[in-house]
Amino acid sequence: MDTQTIQNQKVTTAKTERISGSEAVVRCLLAEGVDILYGYPGGAIMPVYDELYKYQDRLHHVLTRHEQGATHAAQGYARISGKVGVAIATSGPGATNLITGIADAQIDSTPIVCITGQVGSHLLGSDAFQETDIVGISTPVTKWNHQITKASEIPEVLAKAFYIAKSGRPGPVLIDITKDAQFEEFDFSYEKCTGIRSYKPTPKVEISAIEQAASLINLAKKPMIVWGQGVILGEAENELKQLIEKAGIPAAWTILGASAIPTAHPLNVGMVGMHGNYAPNKLTNECDVLIAIGMRFDDRVTGNLNTYAKQAKIIHFEIDPAEVDKNVKTDVAVLGNAKESLRMLLPFIGKNTHEEWHQEFKNYYDIEYKQIIQNDLYPSKDGLTMGEVLKEINLQTKGDAAIVSDVGQHQMVACRYAEFNNTKSNITSGGLGTMGFALPAAIGAKMAAPDREVVAIIGDGGYQMTIQELGTIFQTKVPVKIVVLNNNFLGMVRQWQQLFFDKRYASTELVNPDFVQIAKGYFIEAQKVTQRAELGEAVQTMIAHDGPYFLEVCVEKEDNVFPMIPTGASVSDIRLS
């Protein structure tokens, strides 16, 4: 008998109760342990909201000011908690407004469940008011989606939704529910989903692959690890730390892998990628064994694939078989959850130090420090740098804060210079590069981890894409700390225009409003910093403040972020200026 048949038997034999489809939705959420969800009401989802009103003592609904904000808040919640985030919206424009956040969650492997209302089933396909084919629209950017037209489908489909979103390589799921299915009554019972026929979310780790990987690692003279978010999603931080310490392997990270290992760990050699550190980028093309753990060889990491690590044997630890050999040809693929795979690997690994190899990383770091890092953190010029703002935040939070960054120059600076002592501390939009991500994501992150300091680092461009979520902060009083690094430009685009388009700053200079007055309009304490002498006290005041706080820091208008690998160039061609 297959797994699905067994599950269906459980549903039919469990104790039932006659309730409406809308109440069933709420009861399913409670059964899955949901305590917070983010959304925006409307006609097609109104029956569910009516039930949420009745259950508000057990299930906290957060009214965001835009449906995109709801998905980003659900992402922030999921990324810092490791649980499934939930967003809810009505049909038509409400549903389509979720798409950017869903696409972001898909490419960054973030588990969220989105529930949308839909016109009545008898109106489907008639172009009724606020009808859109959200299942068709969302198919390319969801891990799974489904439309419910009968109330009796709700328990089984929602159980599957949460299982699929969280299992294996996580991702977003969208469930669309017609309005008549929400009103319809049926005999309700609920069983959590524990398996689906033909869906194998976590491959079994093959011992032969482990042995092959161990052999290459033990024989390597210049091994290098690049880890990604798969380490965090697989809760393999401790196993990774044991591996690098036992084998003495220098380990670098992708931006979504940041914080899995403390920044200060002596074997943590920094960030790879377009604006990553000099040493790990340069030495990618000098290592003899490259061990990729829970990362997908994104183009921002690899640069020109024709020149990427061609001298090295490639070992790829990966949960998703579709990622193996997709961009980089591997010599050994170890499929499975990173925690299980690394735990099996450790007994086969010999003790080593690779001291001469580490010295090469230190030599390159010294070059980067003298030419870039020192100037970013301890500038001699009058204007403030983004780097020194991050340095001050590190000082005040002692590396214990969760940093939620938006997309652009400030994001790269935050990833480069933020100090992390704890995992799940770097929350940003990676693969999609979604401007507007940080403010709502910080709301979700702070609600999921109220005991942690959550600091949003945002550029003046991205900030204005979701600035309306200040209203959510005002209404909920969630004590997020917001730092806008204002250079009056779309900084990253301007940098490219300077370097590659002869300084033709086409549509990238911003004429900004008074951000402090806007924050105060939402009754949020706010301050603006324009001088270096003001910075330390301002950051200290922000962190010490009991409640939400907005800090605008005016930074150099035309500072650039270096190092930089130009698009299409080899990682060896990383530029320091």
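Residues numbered from 1 in each chain as written. Predicted model: local features only at pLDDT ≥ 70, side-chain atom pairs only at ≥ 80, totals over all residues. Heavy atoms only, no water.

K.L.:
What is the right way to look at the overall build of the protein in this model?
P.N.:
Across its full length, the protein carries 24 helices and 20 strands. On C-alpha atoms alone, the protein measures out to a radius of gyration of 24 Å, which is about the 25 Å that the 2.2 N^0.38 rule sets for 577 residues. With respect to the three principal axes, the spread of C-alpha positions in the protein is 70 × 60 × 40 Å. Relative to its full complement of 577 residues, the protein shows a buried share of 59%. (Helix = DSSP H or I, 4+ residues; strand = E, 2+ residues; numbered from the N terminus. Rg over C-alpha atoms; globule rule 2.2 N^0.38 Å. Buried < 20%, exposed > 50% of the residue type's maximum accessible area, 1.4 Å probe, protein only.)

K.L.:
Where do I start with the sheet that holds strand β20 (residues 549–554) in this structure?
P.N.:
Note on sheets: strands pair through backbone hydrogen bonds, and any given pair is parallel or antiparallel. Spatial ordering of the open sheet is given by β16-β15-β17-β18-β20-β19, a layout of 6 strands whose pairing is parallel. Strands at the two margins of the open sheet, each flanked by one partner only, are β16 (426–428) and β19 (525–529). Pairwise comparison of adjacent strand axes, ignoring direction, gives a mean angle of 20° for this sheet. The pairing of strand β18 (residues 481–486) with β20 spans 6 bridges and is parallel. Each residue of the ladder has a partner; that of L485, found in β20, is V553. Packed on one face of the sheet, helix α18 (residues 409–417) meets β15 (402–405), β16, β17 (454–459) and β18 and runs near 140° to β17. (Pairing = 2+ DSSP bridges. Axes fitted to C-alpha atoms, helices over the stretch in contact; angles between N-to-C directions. Contact = heavy atoms within 4.5 Å.)

K.L.:
Could you clarify how one ought to interpret the domain arrangement of the protein in this entry?
P.N.:
The figure often quoted for interface size is the accessible area lost as the parts come together. Domain parsing of the protein yields domain 1 (17–188), domain 2 (207–361) and domain 3 (379–554). Counting from both sides, the interface comprises 16 residues of domain 2 and, opposite them, 19 residues of domain 3. Buried area between domain 2 and domain 3, summed over both chains or domains, comes out near 1,400 Å², and the portion from carbon and sulfur atoms is 58%. Considering only the side of domain 2, the residues that lose the most area to domain 3 are I255, S259 and H275, jointly responsible for 39% of the buried surface there. Across the contact surface, domain 2 and domain 3 share 0 salt bridges. (Domains from an automatic or database assignment. Buried area = accessible area lost by both parts, 1.4 Å probe. Salt bridge = Lys/Arg side-chain N within 4 Å of Asp/Glu carboxyl O.)

K.L.:
Sorry if this is basic, but what is going on with the side chain of T64 here?
P.N.:
Positionally, T64 belongs in the loop between β3 (60–63) and α4 (67–81). Of note is the side chain of T64, whose polar atom sits 3.0 Å from the backbone oxygen of H66. Each residue touching T64, except ones within four places of it in the same chain, is listed here: Y38, G39, Y40, G69, A70, E469 and T472. (Polar contact = N/O pair within 3.5 Å; in protein donor to acceptor, adjacent residues only side chain to side chain.)

K.L.:
I tried to follow the pairing of β17 on my own but got confused; where do I start?
P.N.:
When a strand is regular, its side chains alternate between the sheet's two faces. Burial runs high along β17: 6 of the 6 residues are buried. Residues V454, A456 and I458 line one face of β17 and the alternating positions V455, I457 and G459 line the opposite face, and both faces are buried. As judged from the 4 bridges shared by β15 and β17, these two strands associate in the parallel manner. Paired with I403 across the bridge in β17 is V455. With 5 bridges joining them, β17 and β18 adopt parallel strand pairing. Within β18, the residue paired with I458 across the bridge is V484.

K.L.:
Would you explain unusual backbone geometry in this entry?
P.N.:
What is expected of a backbone is that most residues other than glycine have negative phi and most peptide bonds are trans. For the peptide bond that leads from F562 to P563, omega is 0°, which places it in the cis range. With respect to the element layout, P563 can be found in the segment after β20. Its identity is not glycine, yet Q130 carries a phi of approximately 60°, on the positive side. Along the chain, the position of Q130 falls in the loop between β5 (112–118) and α7 (134–138). Taking relative accessible area as the criterion, Q130 reaches 28% and is therefore assigned partly exposed. Residues other than glycine seldom take positive phi values, yet K477 does so here, at roughly 65°. Here K477 is to be found in the loop between α21 (470–476) and β18.

K.L.:
Explain the pattern of salt bridges here, please?
P.N.:
Side chains bearing opposite charge may pair, as long as their charged atoms lie close to each other. Applying the stated criterion across every chain yields a total of 22 salt bridges. Residue D50 is joined to K54 by a salt bridge in which the shortest nitrogen-to-oxygen separation is 3.9 Å. Placement of the pair is D50 and K54 together in helix α3 (residues 46–54), with a separation of 4 residues, close to one helical turn. Residue K557 is joined to E509 by a salt bridge in which the shortest nitrogen-to-oxygen separation is 2.8 Å. Here K557, found in the segment after β20, pairs with E509, found in the loop between α22 (491–500) and α23 (515–521); they are 48 residues apart in sequence, far enough to count as distant. Of the residues examined, K557 reaches a relative accessible area of 36% and is grouped as partly exposed.

K.L.:
Could you clarify how one ought to interpret the packing of aromatic side chains in this entry?
P.N.:
For any two aromatic rings, the description comes down to two numbers: the centre-to-centre distance and the angle of the planes. Counting across every chain of the model gives 12 aromatic pairs. Between F297 and Y308, the ring centres sit 6.0 Å apart and the planes meet at 75°, which makes this aromatic pair edge-to-face. You can see F297 sitting in the loop between β12 (289–293) and α14 (299–302) and its partner Y308 sitting in the loop between α14 and β13 (313–318), a full 11 residues away along the chain. Taking the relative accessible area as the measure of exposure, F297 reaches 2% and is therefore buried. (Phe/Tyr/Trp six-rings, centres within 6.5 Å; stacked < 30°, edge-to-face > 60°.)

K.L.:
For this particular structure, what's the right way to read the sheet that holds β13?
P.N.:
Strand order in the open sheet formed by 6 strands is β11-β10-β9-β12-β13-β14, with parallel pairing between adjacent strands. Each having just a single partner strand, β11 (268–271) and β14 (332–335) make up the two edges of the open sheet. This sheet shows a mean twist of 20° between the axes of neighbouring strands, independent of strand direction. With 4 bridges connecting them, β13 and β14 associate as parallel partners. The residue bridging H316 from the neighbouring strand is A333, located in β14. Packing of helix α12 (residues 237–247) onto the sheet brings it into contact with β9 (223–227), β10 (251–253) and β12, and relative to β9 it is tilted by some 165°.

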